[in-house]
Every structure is written in C-alpha cells, then in structure tokens.
Amino acid sequence: PVTIGLNSKRGTLITSLQHGLPVVGSKTSMTDPCWENLAGVMLSERRDVSRFSENVLKLASDKRLRFEVASSNKKLYQERHTWPMIARLLLRVISE
C-alpha cells in the first residue's frame, strides 16, 4: 500500500477510473474525503497490509465484484472527472 494515501493528486487514480479498473488504496490524512465510501474504491487504513491484501485477493477471486467495481468507477469518471465536466464546473464557479 502507498503510505501517503489515495488522493486526487494521483494521475494514475483518475486513469484507473477512466479505464474502469478497480481501485485498492490506503486511507491516510492525505486521502481526500471524496474517495471514501465509494463502491469502486476499496480503502484500508495506512500500513494495514493485511486489509490491503484482503481487498486485492477479494477482487482477484470474485469476477462479479470486479465487474461491479469497474462499472462503478467508469461511471464515477464520467460524472466527475472528464474535461467537459470539469469545464462545466469551472464555468459555474466563475459565473457565481
């Protein structure tokens, strides 16, 4: 697990969502609250290698779960992280 935690500054995280890949990560004080409690993001506490490993093994052994997580992440990307969505948000903030 990455000891600094899952956060929005990681380009690989957004790319994983874009491609509909499951996300397994660590939750720390650096983790943005928006990444908590998402269907497609499996978090473990910082340095909890056992839980992190359990999450990875659970995804590796359950095809249906992988599909559900992947679908959830693809949808999350479309709703929050595409350039058109970012541009709309920026225009809304500027116009207020």
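Source: prediction; values computed, not measured. (Residues numbered from 1 in each chain as written. Predicted model: local features only at pLDDT ≥ 70, side-chain atom pairs only at ≥ 80, totals over all residues. Heavy atoms only, no water.)

Participant: Mind showing me how you'd approach unusual backbone geometry here?
Facilitator: Where the residue is not glycine, phi is negative for most of them; where a peptide bond is considered, it is trans in most cases. Its identity as a non-glycine residue notwithstanding, Asn37 has a phi of 60°, on the positive side. Inspection of the secondary structure puts Asn37 in the loop between strand E1 (23–27) and strand E2 (41–45). Positive phi, normally seen in glycine, also occurs at Arg47, with a value near 65°. Position of Arg47 relative to the elements: it lies in the loop between E2 and helix H2 (49–61). (Helix = DSSP H or I, 4+ residues; strand = E, 2+ residues; numbered from the N terminus.)

Participant: How do you make sense of the side chain of Thr31 when you look at a structure like this?
Facilitator: For Thr31, the location among the structural elements is in the loop between E1 and E2. At 3.3 Å, the side chain of Thr31 and the backbone oxygen of Ser26 are in polar contact. Only 2.9 Å separates the side chain of Thr31 from the backbone nitrogen of Thr28, close enough to count as a polar contact. For Thr31, the contacting residues outside a window of four places in its chain are Gly5, Leu6, Asn7, Ser26, Glu36 and Leu43. (Polar contact = N/O pair within 3.5 Å; in protein donor to acceptor, adjacent residues only side chain to side chain. Contact = heavy atoms within 4.5 Å.)

Participant: I keep staring at the packing of helix H1 (residues 11–18) against helix H3 (residues 63–80) and nothing clicks. Help me out?
Facilitator: Two packed helices can be described by the angle between their axes and the distance between those axes. Running from N to C, H1 and H3 point in directions that differ by 110°, and their axes come no closer than 7 Å. Relative to H3, H1 is oriented roughly perpendicular. Counting all contacts with H1, which are made through Ile14, Leu17 and Gln18, the residues of H3 involved are Asn73, Lys74, Leu76 and Tyr77. Here the contact of H1 with H3 is composed, by residue class, of four nonpolar, two polar and one charged. (Axes fitted to C-alpha atoms, helices over the stretch in contact; angles between N-to-C directions. Parallel < 35°, antiparallel > 145°, perpendicular 65-115°, else oblique. Nonpolar A, V, L, I, M, F, W, Y, C, P; charged D, E, K, R; others polar.)

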